[in-house]
Amino acid sequence: MFIQKNTTNVQRGTRVANILIVDDSLTIAKFVETLLLQAGHVVSVSVDANEAFRKLRIEKYDLILLDVVMPGKNGFQLCREIKTMDHHAKTPVIIMSTKNTDVDKYWGRKQGADDYLSKPIDADILMAAVNRFLGSPPSAVAKAQSSSAPHPAKPIQPPAKVT
């Protein structure tokens, strides 16, 4: 069995999400945690894949934010495992990484990631992605995207073949 926290923020009239952050950088984890807490979400932080996996086995999350480069198991491996778990197979996973080449992004998608954000993380872009996956009203997402991204995001394409 697992625990599922799913409530409504009465003050804002929006759904409160239970979000897991997995990042070995305490600075980045704290930055992201602060943004999510200010938005009214319930947040849990893990500093490595093993700790995250233990939490994932006992608790249901609405969204997972995942670093790639971590000690031990990397974020790509954890993402692949998350997508095989019965109660998390459809949970959105957003990778946040300094590994930001087209190949890295393509590989992240192949492992099951639903989105891939490059570090350093921009607060508006992160919150737009979070809101997109949590089903926030489109007007809130559009406002965040228009204020932070001068160009629309391009879909991630497979890397070009090198001959």
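Residues numbered from 1 in each chain as written. Predicted model: local features only at pLDDT ≥ 70, side-chain atom pairs only at ≥ 80, totals over all residues. Heavy atoms only, no water.

Student: Sorry if this is basic, but what is going on with the overall build of the protein chain here?
Tutor: A count of helices and strands for the protein chain gives 6 helices and 9 strands. The 163 residues of the protein chain split such that 42% are buried. Partitioning the contacts of the protein chain with sequence separation of at least 6, the portion at a separation of at least 24 is 61%. When the accessible area of the protein chain is evaluated, it comes to approximately 9,100 Å², of which 56% is carbon and sulfur surface. (Helix = DSSP H or I, 4+ residues; strand = E, 2+ residues; numbered from the N terminus. Buried < 20%, exposed > 50% of the residue type's maximum accessible area, 1.4 Å probe, protein only. Contact = heavy atoms within 4.5 Å. Areas by Shrake-Rupley, 256 points an atom, 1.4 Å probe, with all protein chains shown as cover.)

Student: Mind showing me how you'd approach the pairing of strand β7 (residues 63-66) here?
Tutor: Where a strand is regular, its side chains alternate between the two sheet faces. Both faces of β7 are covered, namely the face carrying Leu-63 and Leu-65 and the face carrying Ile-64 and Leu-66. Summarising the sheet, strand β4 (residues 18-22) and β7 pair through 4 bridges and their orientation is parallel. What sits directly across from Ile-19, in β7, is Leu-63. Here β7 runs beside strand β8 (residues 93-97); their pairing, made up of 3 bridges, is parallel. If you follow Ile-64 over to β8, its bridge partner there is Val-93. On the question of chirality, the crossover connecting β7 to the parallel β8 by way of helix α3 (residues 75-82) is right-handed. (Pairing = 2+ DSSP bridges. Right-handed = clockwise from strand over helix to strand, strands pointing away.)

Student: I tried to follow the packing of helix α1 (residues 26-38) against helix α5 (residues 123-134) on my own but got confused; where do I start?
Tutor: When two helices pack together, you describe them by how their axes are tilted relative to each other and by the distance separating the axes. Two elements in contact, α1 and α5, have axes whose closest approach is 11 Å; the angle formed by their N-to-C orientations is 55°. The orientation of α1 relative to α5 falls into the category oblique. Here α1 and α5 pass one another in a crossing that is right-handed. Contacts between α1 and α5 involve Phe-31, Val-32, Leu-35 and Leu-36 from the first element and Ala-123, Leu-126, Met-127 and Val-130 from the second. Here the residues of the contact of α1 with α5 sort into 8 nonpolar, no polar and no charged. (Axes fitted to C-alpha atoms, helices over the stretch in contact; angles between N-to-C directions. Parallel < 35°, antiparallel > 145°, perpendicular 65-115°, else oblique. Left-handed = near helix turned anticlockwise from the far one by under 90°. Nonpolar A, V, L, I, M, F, W, Y, C, P; charged D, E, K, R; others polar.)

Student: I'm lost on the confidence of the model for the protein chain in this one. Help?
Tutor: Residues shown with low pLDDT carry predicted positions that ought not to be read at fine detail. Put simply, the protein chain has an average pLDDT of 82, and 74% of its residues get 70 or more. For residues 137-155, every residue scores under 50 in pLDDT, and the model assigns this stretch 12 contacts once sequence neighbours within four places are set aside. (pLDDT = per-residue confidence, 0-100.)

Student: Help me understand the pattern of salt bridges, please; the structure alone is not making it clear to me.
Tutor: Any two side chains of opposite charge can pair if their charged atoms end up close together. The tally for this structure, following the rule as stated, stands at 9 salt bridges. In this structure, the salt-bridge partner of Lys-119 is Asp-23, at a minimum N-O distance of 2.7 Å. Taken together, the positions of Lys-119 in the loop between β9 (115-118) and α5 and Asp-23 in the loop between β4 and α1 put the pair 96 residues apart, joining distant regions of the chain. For the residue pair Lys-119 and Asp-23, the accessibility class agrees, reading buried in each case. Between Asp-115 and Arg-132 there is a salt bridge, with its nearest N and O atoms 2.4 Å apart. (Salt bridge = Lys/Arg side-chain N within 4 Å of Asp/Glu carboxyl O.)

Student: Help me understand unusual backbone geometry in this model?
Tutor: Excluding glycine, most residues fall at negative phi; most peptide bonds, likewise, are trans. Residue Lys-119 is joined to Pro-120 through a cis peptide bond whose omega torsion reads 5°. Tracing the chain through its elements places Pro-120 in the loop between β9 and α5.

Student: Can you walk me through helix α2 (residues 49-58) in this structure?
Tutor: An α-helix turns once per 3.6 residues; consequently, residues spaced three or four apart project the same way. Residues of α2 that are buried: Ala-49, Ala-52, Lys-55 and Leu-56. Looking straight down α2, one finds that the buried residues subtend no more than 125° of arc, so they occupy a single side. Residues of α2 that are exposed and point over 90 degrees away from its buried face: Arg-54 and Arg-57. Near the N-terminus of α2, the side chain that reaches the backbone nitrogen of Asn-50, with its oxygen 3.1 Å away, is that of Asp-48. (Arc of directions from axis to C-beta. Polar contact = N/O pair within 3.5 Å; in protein donor to acceptor, adjacent residues only side chain to side chain.)

Student: Which parts of the structure should I look at to understand the nonpolar core?
Tutor: The nonpolar side chains of soluble globular proteins are, as a tendency, buried together. Among the nonpolar cores identified, the biggest contains 20 residues, and Ile-19, Ile-21, Leu-36, Leu-65 and Leu-126 are the most heavily contacted of them. Among the secondary structure elements, those contributing two or more residues to this core are β4, α1, β7, β8 and α5. Broken down by element, this core gets its largest block of residues, 5 residues, from α5. Residues within four places of Ile-21 in sequence aside, it is in contact with Ala-29, Val-32, Glu-33, Leu-36, Val-43, Ser-44, Val-45, Ser-46, Leu-65 and Met-96. (Core = buried A, V, L, I, M, F, W, Y, C linked by side-chain atoms within 4.5 Å.)

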